[in-house]
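Remarks on the overall topology
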Amino acid sequence: MVRGFYATPKTRGNKMKTIYIIPIEPHDVRYTAQWHGNIPVLIDAYAKRQGRKVRVISIDGEYREHQPTAGAFLNFAQTNAYKASQVAEISNLFSKGKVKAGDCFLVTDAWNFAITSIRYMSELLGIKTGIHAIWHAGAYDPSDILGERMGREWSAHTEQGWFHAADVNYFATEYHRKLFLKNLGIPKFFHDKALVSGQPHEPLLAKLERHGTVVKKDEIVWPHRLNSDKQPEIAMDLRHRLNCDLFVTQEQKLGKEEYYERLSKARMCLSASLHENLGIGVMEATMAGAIPLVPDRLSYTEMYLPEFKYPSAWTRDWKHYQRHRADLMERIERMMADADSFEPVLKQQQDVLARKYMCAEVMYENLV
């Protein structure tokens, strides 16, 4: 059993446990819109397969369509309005006696002050509920936009507090887990509260596999936000040097289906990221049939087979890229020319991603 303030028991006999989902706002250009509808269904389906009785309720909050802050995953102002409305709804549920001992909350983005509010009410009202939190990017990572802009003197304590207030903390990869625990100085006694679980992207698998049957073009896709930690200047430079097209997805405002269609046409996918705890963009492109080429660093080291990694030093920064540009270009052009020979190992790579990183059975098991 995971150590924590209160580890939520599994459902037994005729007891019905309620699992409250606290989603990230469902922005159409992010995977959060898919999570909004899919996560409750995935948890319910897992519970039924295990013969356990649960009721899954989503705390949707008040969402207003908006554009993410430049270079960020969400909008730094509107996300707080959304979270505040979630906290108000959760407070009403506690006030009305709807939340019972043994119920639990899944906070799908741990950077949410709802964790504090839930623990506050749970302890002071004597209602022992479990809190499960999915960690994404944060100030604990100096290469993330939060780490760049937020003061460590307060953000580190905030993240430590949310980690300890939660009973179980989920991380996408082992790299992600270790980065968090090390940079925040979490004592080893509490490390078993941090679990590697992948992420709940199972419904994407069939969709991306269908897209993967499209006839490929001699095109490379760069599936990242135009933020400094992704080093888009490398993509812009390569675009004018390679003997094939390089498409930067965020230069055009594509809907999700248009985005997947574009990924499916690409023969290769390229990354030079300096910050990646999972790398959903490269993972989506790979599952859609693009041959990935990623630096041997961050989460990529554990996720991708040797055939798809290049030395980290080649894109460590702009100066290193200039020094190794010819090496990277030669590698790209050779892979493009020999694309058919990569088909067997690409299928192996897709299997690794599907089994370990695009599913979250560890999380489902702990929740239900």
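This write-up is about the structure you can find in this document.

Calculation criteria
- Residues numbered from 1 in each chain as written.
- Predicted model: local features only at pLDDT ≥ 70, side-chain atom pairs only at ≥ 80, totals over all residues.
- Heavy atoms only, no water.
- Pairing = 2+ DSSP bridges.
- Helix = DSSP H or I, 4+ residues; strand = E, 2+ residues; numbered from the N terminus.
- Right-handed = clockwise from strand over helix to strand, strands pointing away.
- Core = buried A, V, L, I, M, F, W, Y, C linked by side-chain atoms within 4.5 Å.
- Buried < 20%, exposed > 50% of the residue type's maximum accessible area, 1.4 Å probe, protein only.
- Contact = heavy atoms within 4.5 Å.
- Axes fitted to C-alpha atoms, helices over the stretch in contact; angles between N-to-C directions.
- Salt bridge = Lys/Arg side-chain N within 4 Å of Asp/Glu carboxyl O.

Structural notes on the pairing of strand S7 (residues 217-222)
Bridge count between S7 and strand S9 (residues 266-270): 3 bridges; the pairing is parallel. Paired with Lys217 across the two strands is Ala266, which belongs to S9. In the classification by handedness, the crossover that spans S7, the intervening helix H8 (residues 232-239) and the parallel strand S8 (residues 245-248) is right-handed.

So, the nonpolar core
In this structure, Ile43 and Met283 are the most contacted members of the largest nonpolar core, which totals 50 residues. Here the element with the most residues in this core is helix H1 (residues 32-49); it accounts for 6 residues. Sequence-distant contacts of Met283, that is, excluding residues within four places in its chain, are made with His201, Leu278, Met303, Tyr304, Leu353, Tyr357 and Met358. Counting 36 residues, the second-largest nonpolar core is a separate cluster that includes Tyr20, Trp111, Leu146 and Ala194.

Brief notes about the sheet that holds strand S5 (residues 168-171)
Two modes of strand pairing occur in sheets, parallel and antiparallel, and in both the strands are linked by backbone hydrogen bonds. Strands sit in the order S2-S1-S3-S4-S5-S6 across an open sheet of 6 strands; the sheet is parallel. A strand with exactly one partner marks an edge of an open sheet, and here the two such strands are strand S2 (54-58) and strand S6 (194-196). Neighbour-to-neighbour, the strand axes of this sheet turn through a mean angle of 20 degrees, independent of strand direction. Both strand S3 (residues 104-107) and strand S4 (residues 130-134) contribute to a ladder of 4 bridges, which runs parallel. When the bridges of S4 are listed, Leu106 appears paired with His132. Packing of helix H3 (residues 114-124) onto the sheet brings it into contact with strand S1 (17-22), S3 and S4, and relative to S4 it is tilted by some 170 degrees.

Structural notes on the pattern of salt bridges
This model, assessed by the stated rule, comprises 17 salt bridges. Measuring nitrogen to oxygen at the nearest pair gives 2.8 Å for the salt bridge that ties Arg262 to Glu219. With a gap of 43 residues between them, Arg262 in helix H9 (residues 256-265) and Glu219 in strand S7 connect regions that are remote in the sequence. A relative accessible area of 24% places Arg262 in the partly exposed class. The buried category is assigned to Glu219, whose relative accessible area is 6%. The residue Arg334 makes a salt bridge to Glu330 at a minimum N-O spacing of 3.3 Å. Residue Arg334 and its partner Glu330 are located together in helix H12 (residues 318-337), separated by 4 residues, close to a single helical turn.

None of this, on its own, says anything about what the molecule does.
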